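Residue strings, one per chain:
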Amino acid sequence: MPKPLRYVNAVAQALNDAMAADPAVMLMGEDVAAAGGPFKATRGLLDAHGPERVRDTPISEASLVGAAVGAALTGMKPVVEIMFMDFVTLAMDAVVNQAAKARFMFGGQCSVPMVLRTPHGGGLNAGPQHSQCLEAWFAHIPGLRVVCPATVADAYSLLRAAIEAPDPVVVVENKALYALQGDIDVNAPRAVGKARIDRAGRDATIVTYGATLYAARAAADRLAAEGIEAEIVDLRWIQPWDEEAVFASVAKTHRVVIAHEAVQAFGVGAEIAARIASDAFDDLDAPVLRVGAPFMPIAFAKTLEAAYLPDADRIVAAVKSTLA
Amino acid sequence: MPSSAAQADPIPANPIPTDRRLALHRTMQTIRATETTLSRLFADGEIPGFIHLSVGQEAVAAGVVGALGPRDSFATTHRGHGHVLARGVKLDLFFKEIMGRAGGICGGRGGSMHVADLSLGVLGANGIVGAGLPLATGSALAHQTRRTGGVAVAFFGDGAMAEGALHECLNMAALWKLPMVFVCENNGWSEFSPTSTQFAATLDKLGAAFGVPHRKVDGNDVAAVAEAAAEVVEAARNGGGPRILECLTTRWHGHFEGDPQRYRNADEIAGLPRNDPLRRSAEALLAAGVEESALAALVDAVDAEIRDALEAARADALPDVDAAFRDVYTPTATLTAGA
Amino acid sequence: MTMVRELVMPKLGLTMTEGVLAEWRVSPGQPFRSGDVLLVVETDKIASEVEADSDGVLIETTIPAGETVAVGTPIARWSADGAGAAPAPEPAETPAAKAAPIPAPTPGAANARPLPAPVRSNGERILSTPLARRRAEGLGVDLAAVTGSGPRGRIKVADVEAAAQTRPTPQPAPQPEPQAPKIETPAGERSKPTTLQATVARRLTAAKRDVPHFYLAAEAEVTELAALRDRLNADTESGLQRISMTHLVLAAVGRALAVMPEMDRVWDDEAPGGAILALGRGDIGMAVDTPRGLVAPVLRGAAALPLDRLAEEAAALTRRARDGRLTEEDFQGGAVTVSNAGMHNVTYMTSIINPGQSSILGVGSVRSVFRPDAAGAPVLKRELGLVLSADHRLFDGVTALAFLNRIIAGLERPFRLLRAP
């Protein structure tokens with residue numbers, strides 16, 4: 001029986017195993033080498049794989065991500081770390097105009113096998129520029145894939161899947177989960193775009209991803225105490241998201257709540273709700289509801305941040321509302 | 001503003017053999033004739049979208065790309081036809097791409113601003129000013145890490161000197177001693193504005209700040225460019241770290257085709273042919289004993305190639321929408337890994 | 001200790017003095033939740049659902065449905081838990097209720113808006129979930145016969161399934177007794193009108209029966225008017241409200257009303273022997289087609305509004321009507337209403353006068369027609385068909401015709417409408 005790992009160690013393990021399996025895999029990012037990364041997700045990798053493949057970069061997000069694209073076009077499989085997802089704004093040209101489009105605009109001549117790992121999410125009182133959940137931006141860009149592992153097992157498996165995928169993948173890790181403990185299975189299937197039924201239920205479906213999975217689990221426990229059996233779909237992949245799994249759950253429960261930590265307006269939930277409305281309309285016995293963050297920047301103060309983050313209370317209320 | 005040979009560093013007396021000069025001349029003639037044809041096709045409405053021509057800058061493309069070996073790679077700019085043609089992209093695939101045909105080098109997905117040929121190490125023209133700099137930096141990083149022996153070149157215009165990417169990439173390339181050459185095609189114009197009104201520093205000082213050696217040449221003298229390029233490329237290849245090659249050149253056409261260039265002085269435009277890189281090259285070849293008839297035959301041969309390529313492009317099918325969808329992602333059959 | 005409270009006739013508008021207790025929605029002994037509709041109150045303009053503002057149980061009703069009582073009259077007793085049936089009522093309080101107005105449809109143009117299925121036989125939309133609709137179709141359940149248990153009475157799949165189980169098995173039809181010549185009862189499904197429909201029906205019948213209508217029809221030549229409207233609307237830089245044909249007609253009626261205040265009077269039936277009430281505020285009713293039916297809220301002081309203000313306020317009123325946000329106040333006052341059916345392709349519309357008012361102008365579609373000029377040669381004209389319905393108790397034909405001609409003059413010389421009234 002393997003010893004439980006922390007989420008952040010599962011990330012490091014996945015990076016290590018991927019580098020051991022494929023000499024083209026390299027790491028780039030601010031303080032990822034000697035310092036082991038600000039969250040220690042790359043600890044030990046410099047010693048294991050050397051300074052050429054584990055590169056500390058200057059604080060130059062735009063060019064380091066652009067360089068990863070160039071390296072990917074020249075035979076490498078770079079895994080870039082952006083220290084906080086908020087900083088990805090500086091690298092948007094590289095991600096959106098270069099990485100996402102190279103395959104398409106060059107007529108399929110190449111793929112861009114790179115990964116951009118970055119932590120999102122609140123819970124650490126890191127304030128408005130260190131806590132945002134911006135994954136919907138990337139899910140909106142054709143050519144990118146987006147994944148958000150919620151469990152320790154997925155932190156390993158989905159990062160391996162992302163590194164093995166031929167196209168650019170944005171791997172979003174919720175920093176509040178880094179200390180989470182769990183087991184990994186290095187041989188688990190590593191499919192792109194497959195959701196996971198976290199809990200089966202018949203009365204309503206909660207579609208979620210990332211750290212909100214834990215709020216959904218707490219909500220489902222409380223609902224179960226009242227005789228309401230909620231099914232939880234952990235999306236895992238946001239682009240492509242598992243329509244088949246979501247529609248199958250809707251066909252079973254006829255009620256859906258989509259919960260995520262990102263701002264609700266124009267978020268991932270909006271796309272899923274719209275697709276359910278168009279493609280699973282006749283299965284619905286209640287309006288599709290969303291639970292997300294309010295339309296304001298995330299605030300610093302403990303009380304403000306706590307009020308901001310979607311929690312079990314709001315998910316319980318939403319599920320009940322679909323059952324009204 | 002427009003540069004002159006007088007500002008360039010002195011050229012070492014290292015004459016290039018005549019047959020090599022003739023090859024460079026043919027490359028320049030191919031670029032010139034191709035772009036002149038594109039200009040006419042654009043005016044006739046046969047080319048959709050934007051095209052940015054490098055007429056007047058051919059010596060930089062021929063000289064620098066001519067100095068590269070087969071393992072080398074480069075990223076270029078929106079004004080990148082010359083570099084791509086100098087690298088030997090097939091003319092018919094080039095014309096088909098720019099005319100939006102199915103058989104284009106990029107299947108008609110990219111057009112003029114995104115011509116690429118990964119099989120030749122061409123990481124693409126780019127629609128974003130300065131965006132090729134990080135791509136070339138990363139490519140150099142890959143050459144270094146994979147020990148390919150290759151060098152990566154970043155072509156950029158003087159307008160891109162004001163982009164943060166240049167500063168970031170000079171820093172990274174210097175820190176890591178990357179096998180990389182930063183080639184600035186300095187035509188004096190940042191799109192529609194004189195670069196003197198856009199950039200407060202100079203490239204040599206910028207290089208010095210990062211410890212990156214800088215060399216400036218008359219970019220309309222193809223022999224000078226070729227010699228300088230050979231020197232900096234080999235220095236970078238041999239572990240000397242990055243180099244900057246600043247080529248002073250001239251942009252004859254507008255920022256894009258159809259730009260009336262009202263912001264330019266008529267005398268400046270009228271004087272451009274006096275510094276025509278092709279004419280200077282031809283004069284040098286004649287002085288070296290090449291027959292005038294040989295040069296005329298070269299022009300005819302290039303024209304015939306272009307005629308054939310254009311004919312093939314016009315006859316080619318338009319791209320298929322379903323096929324375009326297939327290029328958004330790599331086909332997914334291989335996406336499930338693990339047990 | 002249970003506190004027994006009284007429910008009183010609520011005052012639903014500034015000018016409301018009494019109301020018809022149209023319908024009780026809860027019965028004695030029945031518990032209700034905050035937000036449940038307790039009763040429906042009608043005034044002469046509007047039917048309002050009165051909602052409970054807290055949970056409780058109705059003990060008894062003291063006023064039966066159908067009675068008219070003054071505002072503040074106790075109408076029922078209730079308590080939090082239903083106890084206290086033998087009662088010393090607490091002193092009357094303000095009603096434990098808040099009203100949600102239901103704008104009453106008013107006569108005029110036919111409601112041409114297609115309604116989404118499913119609908120009841122009376123055209124009312126049935127709220128139901130997609131799954132419930134699909135299941136109902138599969139089970140052969142008529143949604144009109146199902147009571148919805150969801151929010152706003154929405155029918156959910158469980159309601160359909162329950163209805164399918166309790167559906168009576170069809171009985172063999174009894175043999176009709178042989179009878180001598182009998183009058184055919186019209187075939188078709190019968191249903192009880194809603195309170196609102198019944199109210200509208202009663203008022204319209206009363207208006208048509210009790211008000212001696214007479215009708216004047218004429219055409220206005222509107223080539224210049226249409227051109228003026230188009231030119232005003234083409235000036236998008238102004239950022240001002242777009243001007244519609246309805247706005248221009250309202251303006252013309254307003255200008256006419258300003259010079260003929262005698263048209264701003266109504267006949268008061270309630271006064272013994274009748275009374276003539278001069279309103280004199282220049283209010284004009286405006287028929288608005290809404291998803292809930294046609295309503296005719298009043299554009300306050302329309303006769304005194306410059307065209308832009310009038311257009312802005314009319315547009316705002318239309319929006320509120322369509323959003324269901326009209327209040328009792330919006331239906332108060334006004335002697336004349338403009339009902340424009342021009343968008344529905346009709347030449348003339350002869351309307352029933354809005355109850356409580358004294359005239360209504362029915363506006364048809366703009367038609368291109370040939371008219372002879374002075375030499376008898378055909379000339380292309382664009383004409384608007386107008387029908388003024390007027391109350392003969394107040395107006396004779398000459399007065400009403402003068403009013404109609406002033407309106408036409410305004411429409412045919414539209415530059416006048418640009419001047420401040």
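Keep in mind that what you see is a predicted model, and the values were worked out from it rather than measured.

Formed by 141 residues in total, the largest nonpolar core has its most connected members in Val65(A), Val246(A), Phe95(B), Phe182(B) and Leu245(B). In this structure, this core is formed jointly by two domains, domain 1 (5-182) and domain 2 (196-323) of chain A, each of which donates at least three residues. Phe182(B) has contacts with Leu133(B), Ala154(B), Phe156(B), Leu166(B), Cys169(B), Leu170(B), Ala173(B), Pro242(B), Arg243(B), Ile244(B) and Leu245(B), leaving out every residue within four places of it along the chain. Core analysis: the next-biggest nonpolar cluster, separate from the first, contains 51 residues, Phe214(C), Leu225(C), Ala251(C) and Leu326(C) among them.

Let's shift gears to the packing of helix 5 (residues 245-259) of chain C against helix 6 (residues 307-322) of chain C. All names here are of chain C. The geometry of helix 5 relative to helix 6 is characterised by a closest axis approach of 10 Å and an angle of 120 degrees between their N-to-C directions. In terms of their interaxial angle, helix 5 and helix 6 are classed as oblique. Helix 5 and helix 6 meet at a crossing whose hand is right-handed. Contact with helix 5, carried on its side by His247, Leu248, Leu250, Ala251 and Arg255, involves Leu307, Leu310, Ala311, Ala314 and Ala315 of helix 6 and no other residues of that element. Here the residues of the contact of helix 5 with helix 6 are counted per class, giving 8 nonpolar, 1 polar and 1 charged.

Moving on, we come to the interface of chain A and chain B. Chain A puts 50 residues into the contact, and the matching count from chain B is 47 residues. For the chain A and chain B pair, buried surface summed over both sides reaches about 3700 Å², with 61% attributable to carbon and sulfur atoms. Asp327(B) is the salt-bridge partner of Arg103(A), the closest N and O atoms lying 4.0 Å from each other. Across the contact surface, chain A and chain B share 20 residue pairs in polar contact (both at pLDDT 80 or more). Elements with a contribution of two residues or more to the side of chain A that touches chain B: strand 2 (25-29), helix 2 (45-53), strand 3 (54-56), helix 3 (61-72) and helix 4 (92-105) of chain A. For the side of chain A that touches chain B, the leading source of residues is helix 3 of chain A, giving 9 residues. For the side of chain A that touches chain B, the per-class residue count stands at 23 nonpolar, 16 polar and 11 charged.

Quick look at the sheet that holds strand 5 (residues 115-120) of chain A now. All names here are of chain A. Reading across from one edge, 3-2-4-5-7-6-12 is the order of the 7 strands in this open sheet, with mixed pairing throughout. If you trace the sheet from one side to the other, it starts and ends with strand 3 and strand 12 (237-239), each paired once. Sheet twist, expressed as the average angle between the axes of neighbouring strands with direction ignored, equals 20 degrees. Both strand 6 (residues 145-147) and strand 7 (residues 169-174) contribute to a ladder of 3 bridges, which runs parallel. Within the sheet, the bridge partner assigned to Arg145 lies in strand 7 and is Val169. Across the sheet, helix 1 (residues 7-21) lies against strand 2, strand 3, strand 4 (77-81), strand 5 and strand 7, angled at about 135 degrees from strand 2, the strand it touches most. Across the sheet, helix 3 lies against strand 2, strand 4 and strand 5, angled at about 170 degrees from strand 4, the strand it touches most.

Counting across every chain of the model gives 46 salt bridges over all chains. Among the ionic pairs, Asp221(A) bridges to Arg199(A), the shortest N-O distance being 2.7 Å. Of this pair, Asp221(A) sits in helix 7 (residues 212-225) while Arg199(A) is found in strand 9 (residues 196-199), placing the two residues 22 residues apart along the sequence. Using a relative accessible area of 46% as the deciding quantity, one classes Asp221(A) as partly exposed. In this structure, Glu23(C) and Arg25(C) form a salt bridge, with 3.2 Å as the shortest nitrogen-oxygen distance. Taken together, the shared-partner salt bridges connect Asp154(A), Arg196(A), Asp198(A), Arg217(A), Asp234(A) and Arg236(A) into one network.

Owing to its 3.6 residues per turn, the α-helix aligns residues three or four sequence positions apart on the same side. Residue and element names in this part refer to chain B. Where burial is concerned, most of helix 4 (residues 91-98) is hidden: 6 out of the 8 residues are buried. For helix 4, the set of buried residues is Leu91, Phe94, Phe95, Lys96, Glu97 and Ile98. Where helix 4 is buried, its residues meet helix 1 (18-43), helix 3 (81-86) and helix 11 (292-315).

Attention now goes to the domain arrangement of chain C. Domains assigned within chain C are domain 1 (4-103) and domain 2 (212-418). One C-alpha centre belongs to domain 1 of chain C, the other to domain 2 of chain C, and the line joining them spans 38 Å.

There is a patch of like positive charges on the surface, built from Arg406(C), Arg413(C), Arg416(C) and Arg419(C). Looking at the element boundaries, Arg416(C) is found in helix 8 (residues 415-418).

Moving on, we come to the interface of chain C and chain A. Listed as interface residues are 13 residues of chain C and, on the opposing side, 10 residues of chain A. Carbon and sulfur atoms supply 52% of the area buried between chain C and chain A, which totals about 860 Å² over both sides. Of all residues in chain C, the largest losses of buried area upon contact with chain A belong to Pro130(C), Leu131(C) and Lys156(C), amounting jointly to 52% of the total for that side. At the boundary of chain C and chain A, one finds 1 salt bridge.

Within this structure, the stated rule accounts for 0 disulfides over all chains. No disulfide involves Cys148(A); its sulfur sits 7.6 Å from the nearest other cysteine sulfur, which is in Cys133(A). What makes Cys148(A) buried here is its relative accessible area of 0%. The thiol sulfur of Cys247(B) is not disulfide-bonded, and the nearest other cysteine sulfur, from Cys184(B), lies at 7.8 Å. Its relative accessible area of 0% is what places Cys247(B) among the buried residues.

The next thing to look at is the packing of helix 3 of chain A against helix 5 (residues 132-146) of chain B. At a minimum axis distance of 6 Å, the contact between helix 3 of chain A and helix 5 of chain B shows a crossing angle of 55 degrees. With respect to helix 5 of chain B, the element helix 3 of chain A is oriented oblique. In the packing of helix 3 of chain A onto helix 5 of chain B, the handedness of the crossing is right-handed. Of the residues in helix 5 of chain B, those in contact with Ser63(A), Gly66(A), Ala67(A), Val69(A), Gly70(A) and Ala71(A) of helix 3 of chain A are Pro134(B), Leu135(B), Thr137(B), Gly138(B), Ser139(B) and Ala142(B). Classifying every residue of the contact of helix 3 of chain A with helix 5 of chain B by side-chain character gives 6 nonpolar, 6 polar and no charged.

With that settled, consider the sheet that holds strand 1 (residues 4-8) of chain C. All names here are of chain C. If you walk across this open sheet you meet the 4 strands as 1-8-6-3, and the pairing is antiparallel. Looking at which strands have only one partner, the edges of the open sheet turn out to be strand 1 and strand 3 (31-32). In this sheet, strand 8 (residues 74-79) lies alongside strand 1 in antiparallel orientation, the contact comprising 5 bridges. In the strand pairing of strand 8, Val4 is matched with Ser79.

Turning our eyes to something else, we now look at unusual backbone geometry. With an omega dihedral of 0 degrees, the bond running from Gln239(A) to Pro240(A) counts as a cis peptide bond. Along the chain, Pro240(A) turns up in the loop between strand 12 and helix 8 (243-253). Even without glycine at this site, Lys40(A) takes up a positive phi of about 65 degrees. In this structure, Lys40(A) sits in the loop between strand 2 and helix 2. Overall, the relative accessible area of 32% leaves Lys40(A) in the partly exposed class. In this structure, Arg147(B) is a non-glycine residue whose phi angle is positive, near 55 degrees. Within the secondary structure, Arg147(B) is located in the loop between helix 5 and strand 2 (152-157). Classification of Arg147(B) by relative accessible area gives exposed; the value is 62%.

Here we come to the confidence of the model for chain C. With 84% of its residues at a pLDDT of at least 70, chain C reaches an overall mean of 81. With pLDDT under 50 throughout, residues 86-117 of chain C is counted as low confidence; its partners more than four residues away or in other chains account for 94 contacts.

Within the secondary structure layout, Gly50(A) lies in helix 2. Residue Gly50(A) is classed as buried on the basis of its relative accessible area of 18%.

Another point: the environment of Arg292(C). Its location among the elements puts Arg292(C) in the loop between strand 14 (288-290) and strand 15 (293-295). Placed 211 residues apart in sequence, Arg292(C) and Asp81(C) show a C-alpha to C-alpha distance of 36 Å.

So, on to the side chain of Glu81(A). Residue and element names in this part refer to chain A. Looking at the secondary structure, you find Glu81 in strand 4. Under the relative-accessibility criterion, Glu81 is labelled buried at 7%. Side-chain polar atoms of Glu81 contact the side chain of Arg117, separated by 2.7 Å. Sequence-distant contacts of Glu81, defined by excluding residues within four places in its chain, comprise Met28, Gly29, Glu30, Val32, Gly37, Pro38, Ala41, Thr42 and Arg117.

If a strand is regular, its side chains alternate between the two faces of the sheet. Residue and element names in this part refer to chain B. The buried fraction of strand 3 (residues 180-186) amounts to 7 of the 7 residues, a majority that puts the element mostly inside the structure. Neither face of strand 3 is exposed, since Met180, Phe182, Cys184 and Asn186 on one face and Val181, Val183 and Glu185 on the opposite face are all buried. One ladder, built from 6 bridges, connects strand 2 with strand 3; its direction is parallel. The partner of Gly157 across the bridge, within strand 3, is Glu185. Handedness of the crossover joining strand 2 and strand 3 through helix 6 (residues 164-176) is recorded here as right-handed. Pairing analysis gives 6 bridges linking strand 3 to strand 7 (residues 243-248), with the strands arranged parallel. Residue pairing across strands places Cys184 opposite Glu246, the latter belonging to strand 7.

Here is what the cut-offs are and how they apply
Residues numbered from 1 in each chain as written. Chains lettered and ligands numbered in written order. Predicted model: local features only at pLDDT ≥ 70, side-chain atom pairs only at ≥ 80, totals over all residues. Heavy atoms only, no water. Core = buried A, V, L, I, M, F, W, Y, C linked by side-chain atoms within 4.5 Å. Buried < 20%, exposed > 50% of the residue type's maximum accessible area, 1.4 Å probe, protein only. Domains from an automatic or database assignment. Contact = heavy atoms within 4.5 Å. Axes fitted to C-alpha atoms, helices over the stretch in contact; angles between N-to-C directions. Helix = DSSP H or I, 4+ residues; strand = E, 2+ residues; numbered from the N terminus. Parallel < 35°, antiparallel > 145°, perpendicular 65-115°, else oblique. Left-handed = near helix turned anticlockwise from the far one by under 90°. Nonpolar A, V, L, I, M, F, W, Y, C, P; charged D, E, K, R; others polar. Buried area = accessible area lost by both parts, 1.4 Å probe. Salt bridge = Lys/Arg side-chain N within 4 Å of Asp/Glu carboxyl O. Polar contact = N/O pair within 3.5 Å; in protein donor to acceptor, adjacent residues only side chain to side chain. Pairing = 2+ DSSP bridges. Patch = residues over 30% accessible without salt bridge, like charges linked within 9 Å, V, L, I, M, F, W, Y side chains within 5 Å. Areas by Shrake-Rupley, 256 points an atom, 1.4 Å probe, with all protein chains shown as cover. Lys, Arg positive; Asp, Glu negative; His and termini not counted. Charge placed at Lys NZ, Arg CZ, Asp CG, Glu CD. Disulfide = S-S within 2.5 Å. pLDDT = per-residue confidence, 0-100. Right-handed = clockwise from strand over helix to strand, strands pointing away.

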